[in-house]
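# Results of the structural survey
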Amino acid sequence: MRKIVCFGEALIDFFAQPVVTPDIPRTFVQHAGGAPANVAVAAARLGAPVQFVGMLGADMFGDFLLDSLRAAGVGTDHVVRTGAAPTALAFVALDHEGERSFSFYRPPSADLLFRATHFEPECFAGAGAFHVCSNSMTEEPIAEATLHGMRMAREAGVLVSMDLNLRPLLWPQGVDPRPRLWQALQRAHVVKLARNELDYLAAGFGGGEAGEQKVLEQVFAGIAQWLVVTDGAAPMQWHSRSGGGELAGFRVKAVDTTAAGDAFVGGLLFHLAETGVDAARLPEFVRDSGVVERALRFAAAIGALAVTRNGAFAAMPARAEAQQLLKEQYEDDA
């Protein structure tokens, strides 16, 4: 199986604990997180060879993240450390349905200091997929580095994956993210959007069905072969240059949705790597709705299991758990 390379931020998620009585101060528990780091851990826990690429602060939080990635089986040969900025932090509160709200302490943070020159060609050797998200597009220098990495991957024949994972609070006030987002979206072979992100992009084209259609046209005006749109517990949709479809997910009791999308993407990239689907084979893959839906069901099982437990790295399920969930609903995919 060819390796999966995930690029971008790794950060500390401080999860708010329930307040027992008003006189006891609120406490937060440290968890390892960060969207592309979560994807890396999800794929590694399933059994894929994975490398994480990014920059961590030379502080106790950077040490914790590095140790956590390694403990999860993720390679860290291409992680850079710096004392010029601290590791990013996020404080997370959950409501009674497991939905989260964030307070970010970024910028400044170490992950934003990664530059194009930090990419080593060796990290793309033997890679089947290179994954990014928009959190490394929020400032011009790190956006340039992200686009450079996508270009290096593409030139090496590596499948490029992008989960938009839009976090408006991370963007400077007064900056419209869309122009920069489209630069990356049109440079990815596989694009994953949440339903609210599709709505956001469509609003830039006037919204509604016409706006959504324009988003599809813009995505496929780039190199994309496959667009997946998730919508929580609602059915997911997928689109290719020649067709598309809709597929129901799994009904589970959500405890913490923090890493649901990342778990889904990790499962999807693992499935592609395991079945030998790379950039060259992707067009053939998306023409077969049966194999597309098999991949989506596997990814959905990983995402569904992740929301049934707390944390990000800690929430990622093992392959046997996904196989059991699939067996319960889709005997042929177990």
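A brief structural summary. Throughout, a residue's number is its position along its own chain's written sequence, starting from 1. For a predicted model such as this one, the threshold for reporting local features is a pLDDT of at least 70, and the threshold for listing and counting side-chain atom pairs is 80 or more; totals across whole chains, interfaces and linings nevertheless cover every residue. To get the side-chain values, all heavy atoms of the structure are used, and hydrogens and water are removed first.

## Section: the side chain of Asp13
To keep things clear, this is the line we draw: Under the DSSP-based scheme used, a helix requires at least four consecutive residues in state H or I and a strand at least two consecutive residues in state E, with every element numbered from the N terminus. Any two residues having at least one pair of non-hydrogen atoms within 4.5 Å are treated as being in contact.
As for its placement among the helices and strands, Asp13 is situated in strand E2 (residues 11–16). Residues within four places of Asp13 in sequence aside, it is in contact with Val29, Gln30, His31, Ala32, Gly33, Gly34, Ala90, Val92, Thr258 and Ala312.

## Points about unusual backbone geometry
With omega at -5 degrees, the peptide bond leading from Arg106 into Pro107 counts as cis. With omega at -5 degrees, the peptide bond leading from Pro107 into Pro108 counts as cis. Inspection of the secondary structure assignment puts Pro108 in the loop between strand E7 (100–105) and strand E8 (127–133).

## Focus on helix H3 (residues 140–155)
Applicable threshold: A helix is expected to span 1.5 Å for every residue after the first. Under the scheme applied here, a residue whose accessible area is under 20% of the maximum for its type counts as buried, over 50% as exposed, and between as partly exposed, the area being computed with a 1.4 Å probe on protein chains only.
Between its first and last C-alpha atoms H3 spans 22 Å; for 16 residues at 1.5 Å apiece the expected length is 22 Å, and the two agree. Inspection of H3 places Ile142, Ala143, Ala145, Thr146, Leu147, Gly149, Met150, Met152 and Ala153 among the buried residues, and these make up the whole buried set. Residues of H3 that are buried make contact with strand E1 (3–7), E8, strand E9 (159–163) and helix H4 (178–185). A positive phi of about 80 degrees marks Gly157, the residue just after H3.

## Points about H4
The periodicity of an α-helix, 3.6 residues per turn, causes residues three or four places apart in sequence to face the same way. With 6 of 8 residues buried, H4 lies mostly within the body of the structure. When we look at burial in H4, the residues that qualify are Arg178, Arg180, Leu181, Trp182, Ala184 and Leu185. Packing partners of the buried residues in H4 comprise H3, E9, strand E10 (190–194), helix H5 (195–203) and helix H6 (208–221).

## With respect to the packing of H4 against H5
The line we're drawing: For every element, the axis is a line fit to its C-alpha atoms; helices are fit only across the contacting stretch, and the angle between N-to-C directions ranges from 0 to 180 degrees. Handedness of each helix crossing follows the sense of rotation of the near helix against the far helix: counterclockwise by less than a right angle gives left-handed, clockwise gives right-handed. In this classification, the charged set is Asp, Glu, Lys and Arg, the nonpolar set is Ala, Val, Leu, Ile, Met, Phe, Trp, Tyr, Cys and Pro, and all remaining amino acids, among them Gly, are polar.
Where H4 contacts H5, the axes come no closer than 11 Å and their chain directions differ by 115 degrees. As for the relative orientation of H4 and H5, their crossing is left-handed in sense. Where H4 abuts H5, its residues Arg178, Leu181, Trp182 and Leu185 lie against Tyr200, Leu201 and Ala203. Residues of the contact of H4 with H5, tallied by class, amount to 6 nonpolar, no polar and 1 charged.

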